[in-house]
Amino acid sequence: MPKGGILCIVGARPNFMKIAPIMKALRAGAAPIPAKIVHTGQHYDEAMNKQFFADLGIPHPDINLEAGSGSHAVQTAEVMRRFEPVLDQEQPSAILVVGDVNSTIACALVAAKKGVAVIHVEAGLRSFDRGMPEEINRVLTDQISDLLYTTERAALTNLTREGIDPARVQFVGNVMIDTLHHNLKHAVPAAQTLADTGMDFSQGFGVLTLHRPSNVDHEESLRGLLETVGQISQRLPVAFPLHPRTRGRIEHFKLEGLLAQGRIFTLPPVGYLHMLGLMREAKLVLTDSGGIQEETTALGVPCITLRENTERPVTVDEGTNIIVGQSRKKILAAAEEIFTSGGKAGRIPEYWDGHAAERIAAHLRGWLDALGAREAA
Ligand code: UD1
């Protein structure tokens, strides 16, 4: 083992369920790997943040950067500015980043330029849509990472096409599904989460999540999606936990009426265990999230993805996911298919078995030993 430990970075909601099993696996066993959590503060609301640490039993962050919101440039720059002195102080052997949010690229960039090794978990996913800020974050983070852990086999093809040495890439499976396996027994029953909404869900319900700028930042797109889901909700009431960005956009465009016309019931952002309960019991899920495409595949629940593409093709090739974009016709056809036949059957992708973080920890021990030996030489 080299002298320094590992700094594990989290910033935004989708990071929390990925870091939870990794921290547990790093700290487990006879030879724990010293690891600290740095929270960038990209997400800071109680519902977007603290609730997840509590639900998932993630150790309190050792270091908080409190970078907060801003434009992409401001947010990324603020994380970088605040992370640099922490890196100088801590002198870790490596940093570990997860996913594709602004905090991921910001910390990876600071570390790479200081010669500190970067480990990227969930590497190699590509939507091939450079209009998505996350795609830029993915491509750049992978380029400057020393060790890349992937969730599905297609990721290696993407990485080698971009000139990344396959020797740096390890297929370990999906840590987010570790979290799902671990927490399923603690999932909050949907009846409890929906109790205050006034929804009659005795005949079942659907779930909607929306937060991508491409869906919520333009009035036409958001209006079209809400009208279409409103149509579906005439048949099946829909629970809609609202991301702060989406709530803001609905208010700004004065679209609240569209929710009231249909049977779409909004909720504040829900914690992980509530969301798990909602997804597990839903007849269908409509989403533009990356993680939810994977979670519905793992749960065997039909998922209609309101995007033109996905960086997670295994959820379509093997799972329950169908990509429909913003087309009203395609969304309604996909919902109809689920109503009539139950939707795609799907199977569980390789290594989505609840043990991905253990594979990472086992591999990382050897990798760190080799790094330590190089340092000593
Ligand atoms: C970020 C990630 C996205 C991820 C999503 C999950 C990037 C580029 N995007 O997008 O990949 O799927 O998180 O939620 O990193 N806000 C609050 N409270 C919070 C956090 C945000 O009110 O705790 C507000 C911000 O002020 C801002 C908006 O929500 O107006 C968006 O937040 P931001 O972190 O910029 O991006 P997300 O859309 O959440």
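Up top you'll find the structure we're talking about.
The structure presented is a predicted model; accordingly, all values stated were derived computationally and were not measured. (Residues numbered from 1 in each chain as written. Predicted model: local features only at pLDDT ≥ 70, side-chain atom pairs only at ≥ 80, totals over all residues. Heavy atoms only, no water.)

(A) Quick look at unusual backbone geometry. Of note in the backbone geometry, Gln91 takes a positive phi value of approximately 50° without being a glycine. Inspection of the secondary structure puts Gln91 in the loop between α3 (72-90) and β4 (94-98). A residue is classified by how much of its surface remains accessible, and Gln91, at 56% relative accessible area, is exposed. For Phe128, which is not glycine, the phi dihedral falls at a positive 60°. You can see Phe128 is positioned in the loop between β5 (117-123) and α5 (133-143). (Helix = DSSP H or I, 4+ residues; strand = E, 2+ residues; numbered from the N terminus. Buried < 20%, exposed > 50% of the residue type's maximum accessible area, 1.4 Å probe, protein only.)

(B) Region of the structure containing α3. For α3, with 19 residues, the first-to-last C-alpha span of 26 Å sits near the 27 Å given by 1.5 Å per residue. Buried within α3 we find Gln75, Thr76, Glu78, Val79, Phe83, Val86 and Leu87. Packing partners of the buried residues in α3 comprise β1 (6-10), β2 (35-39), β3 (63-64), β4 and α4 (102-113). Where α3 ends, the next residue or the one after it, Gln91, has phi of about 50°, a positive value. (Expected span 1.5 Å × (residues − 1). Contact = heavy atoms within 4.5 Å.)

(C) Just the side chain of Arg307, in detail. Along the chain, the position of Arg307 falls in the loop between β12 (303-305) and α15 (314-317). With near-sequence residues (within four places) excluded, Arg307 lies in contact with Ser127, Met132, Arg212, Asp288, Gly290, Gln293, Ile323, Val324 and Gly325.

(D) Highlighting helix α6 (residues 154-161). Those residues of α6 that sit buried are Ala155, Asn158 and Leu159. Down the axis, α6 shows its buried residues gathered within 95° of arc, on one side only. Turning to α6, the residues buried within the fold contact β5, α5, β6 (147-150) and β7 (169-171). Just downstream of α6, Gly163 is the residue with a positive phi angle, here 85°. (Arc of directions from axis to C-beta.)

(E) Summary view of empty space enclosed by the protein. Evaluation of the coordinates by the stated rule reveals one cavity of 30 Å³ or more. Of the volumes computed, that of the largest cavity is approximately 40 Å³. Surrounding the largest cavity, Lys18, Val121, Glu122, Thr151, Gly173, Asn174, Val175 and Met176 form its lining. Put simply, the parts of the chain that give the lining of the largest cavity at least two residues each are β5 and α7 (175-183). For the lining of the largest cavity, the residue count by class is three nonpolar, three polar and two charged. (1 Å grid on protein atoms, 1.4 Å probe; cavity = no way out; pocket = protein on both sides within 12 Å on 5 of 7 lines; lining within 4 Å. Points joined across faces, edges and corners; volume = space filled by probe spheres on them. Nonpolar A, V, L, I, M, F, W, Y, C, P; charged D, E, K, R; others polar.)

(F) Structural view of the nonpolar core. With 64 residues, the main nonpolar core has Leu96, Ile119, Leu364 and Trp367 as its most contacted residues. When residues are assigned to domains, this core turns out to be shared by domain 1 (6-173 + 352-376) and domain 2 (185-341), each giving three or more. Counting residues in hydrophobic clusters, the runner-up holds 27 residues, among them Val238, Leu242, Leu259 and Leu306. (Core = buried A, V, L, I, M, F, W, Y, C linked by side-chain atoms within 4.5 Å. Domains from an automatic or database assignment.)

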